[in-house]
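Reading the structure
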Amino acid sequence: MSVLLDIIDGVREDLRARQELVSLEKLQERVKHVAPALDAWAALGGNLAVRPELKVISEVKRRSPSKGDLAGIADPAALAAMYQAGGASIVSVLTEERRFGGSLADLDAVRAAVQIPVLRKDFTCDEYMIWEARAHGADLVLLIVASLSDEELRSYLALTHQLGMNAVVETHTAEEIERAVAVDAKIIGINVRNLKTLDVDRGVFAALSGGIPAGNIENGPIVVAESGVRDVADVVHYVENGANAILVGEALVTDSTPRERITEFKTAGAKAISTR
């Protein structure tokens, strides 16, 4: 069994437990009383004719299946506030508990602490999780193409739009990019970590980014480089190969000055954009 399928098995089991406590109908009622979702598409550059600035999605991440414990993060709200102060456009919050040590409580804490969009980063495998994300104040969710059928991908994406949300549609292969483009995904992530094996290959981004319609033209998809960001050199590599945004977790949670690191990444990204 691949790592991805193993993780999703656990996600489904935990989901069933939450569904027994809170029905879909109760979630839908809660959503009626939640403030409207913030526009994550606009936060990442939206339909600007030119996207001159690298956007950073900064992640609250305690653990990973590949590295184990990364950071205790006793106060996710304080960390998220530092991310916002450093210039992050979106805060990503891992809510998967078994492998990543996250929770919906983390999502609640971060939502209350920042004024920028918040991504619920989890292994979405049921519409319930999208309603759940919105009920807890998330503005966008993660949809992993490798784990969804075409029908699921299309219907889940439609539901996010129905709820005023956005989705990061994550890919790892050329075929998955084709599927993301086919459903008119507005935000396409290329994850250089293969979630089936956990191997990281930064060359994957350069090899695949050309398969996405130009992200620097009006209404073109926003292209997000996911995983593998260690330093400025990695940021420049991704930007030079077409990234409009980067998603960074480990490099920030293991750094004593995450605010300054985000600023450093944004500065390097802007310089690389100006020369491409």
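Below is a short write-up of the structure. (Residues numbered from 1 in each chain as written. Predicted model: local features only at pLDDT ≥ 70, side-chain atom pairs only at ≥ 80, totals over all residues. Heavy atoms only, no water.)

**Re unusual backbone geometry**
In this structure, I73 is a non-glycine residue whose phi angle is positive, near 45 degrees. For I73, the location among the structural elements is in the loop between strand 3 (68-69) and helix 4 (76-86). Of note, the phi angle at D184 is positive, near 60 degrees, even though the residue is not glycine. (Helix = DSSP H or I, 4+ residues; strand = E, 2+ residues; numbered from the N terminus.)

**Quick notes on the sheet that holds strand 9 (residues 222-226)**
Spatially, 1-4-5-6-7-8-9-10 is the arrangement adopted by the eight strands of the closed barrel, whose pairing is parallel. Between one strand axis and the next, the sheet turns by 25 degrees as a mean value, whatever way the strands run. (Pairing = 2+ DSSP bridges. Axes fitted to C-alpha atoms, helices over the stretch in contact; angles between N-to-C directions.)

**Thoughts on helix 7 (residues 150-162)**
In a regular helix each residue adds 1.5 Å, so 13 residues correspond to 18 Å; helix 7 covers 18 Å between its end C-alpha atoms and thus fits that length. Within the sequence span of helix 7, burial applies to L153, Y156, L157, L159 and T160. Viewed along the axis of helix 7, the buried residues span an arc of 155 degrees, placing them on a single side of the element. Opposite its buried face, helix 7 presents the exposed residues E151 and Q162, each directed more than 90 degrees away. (Expected span 1.5 Å × (residues − 1). Buried < 20%, exposed > 50% of the residue type's maximum accessible area, 1.4 Å probe, protein only. Arc of directions from axis to C-beta.)

**Some thoughts on the pattern of salt bridges**
Under the definition given, this model contains 18 salt bridges. Here the salt bridges share partners, and the residues they tie into one network are R18, R120, D122 and E132. (Salt bridge = Lys/Arg side-chain N within 4 Å of Asp/Glu carboxyl O.)

**Things to note about the environment of G210**
Structurally, G210 can be placed in the loop between helix 9 (203-208) and strand 9. On the accessibility criterion, G210 (72% relative accessible area) is exposed. Along the sequence, G210 and A174 sit 36 residues apart, while their C-alpha atoms lie 9.5 Å from each other.

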